Amino acid sequence: TTASTSSLGIKGAPTLVIGTMNCREDKINVVKEHFIRKGYRVHSGLQFGSELVLYSDDPSKVHSDFCVYIIGDDGMLDWREIQTMVRSMPDFHKTLVLANVRLDEEGKSVVDELAMATEHAPFRHKQRIIDQPGLQRKKIKTNDPSSSQSEGTDSKE
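Attention in this report is confined to the structure presented alongside it. Predicted model only: the values in this text are computed from it and were never measured. (Residues numbered from 1 in each chain as written. Predicted model: local features only at pLDDT ≥ 70, side-chain atom pairs only at ≥ 80, totals over all residues. Heavy atoms only, no water.)

In this structure the tally under the stated criterion is three aromatic pairs. Consider the rings of tyrosine 40 and phenylalanine 66, whose centres lie 6.0 Å apart with planes at 85°: the pair is edge-to-face. Residue tyrosine 40 is located in the loop between helix H1 (24-37) and strand S1 (41-44), and its partner phenylalanine 66 is located in strand S3 (residues 66-70); the two are separated by 26 residues in the primary sequence. Judged by its relative accessible area of 17%, phenylalanine 66 is buried. (Phe/Tyr/Trp six-rings, centres within 6.5 Å; stacked < 30°, edge-to-face > 60°. Helix = DSSP H or I, 4+ residues; strand = E, 2+ residues; numbered from the N terminus. Buried < 20%, exposed > 50% of the residue type's maximum accessible area, 1.4 Å probe, protein only.)

For the rest of this paragraph, the subject is H1. Taking 1.5 Å per residue as the helical rise, H1 with its 14 residues ought to reach 20 Å, and the 20 Å between its terminal C-alpha atoms agrees with that figure. Those residues of H1 lying buried are Asp26, Lys27, Ile28, Val30, Val31, Glu33, His34 and Phe35. On the buried face of H1, the contacting elements are S1, strand S2 (52-55), S3, strand S4 (95-103) and strand S5 (109-116). Following H1 by one or two positions, glycine 39 has its phi on the positive side, about 100°. (Expected span 1.5 Å × (residues − 1). Contact = heavy atoms within 4.5 Å.)

Our next topic: the pattern of salt bridges. Under the defined criterion, the tally for this structure stands at five salt bridges. Of the charged contacts in the structure, one is a salt bridge between aspartate 112 and arginine 102, with a shortest N-O distance of 2.7 Å. In this pair, aspartate 112 sits in strand S5 while arginine 102 sits in strand S4, placing the two residues 10 residues apart along the sequence. Residue aspartate 112 is classed as partly exposed on the basis of its relative accessible area of 29%. (Salt bridge = Lys/Arg side-chain N within 4 Å of Asp/Glu carboxyl O.)

With respect to the element layout, cysteine 23 can be found in the segment before H1. Spatially, the C-alpha atoms of cysteine 23 and glycine 72 are 9.7 Å apart, while their sequence positions differ by 49 residues.

Here it is, written out as structure tokens:
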């Protein structure tokens, strides 16, 4: 990995050279850049047991909607690990995204992604359906304990 200008023109972002995707950090950086290009704010997913979490807006305003798990170098998935993550996502109110990094014919990195939905979808017990990422607004903290005002249209945590 080099820290020059990436293929996106982002100064300091990682650029992969053919045959150098040896370490997990290289894959994480490629996936991170992939989701930044898509407009997400990307942060560490360590607290949720994944590599990354994706925010559709400023993390101080919204909760993350997705946890990203990056598939290992061998391309194999440990079903126990995936089952554990899929089962924990409803508790976190998140959707699990599996990401695989591979090199195409030209030697450029490509990210394949797959969202893992479950029958225990986030907020399934609520009547209102969240149809857009980022609508899970954080509550505004006030000194008034009876106040339940929130920023935006939704106050789920």
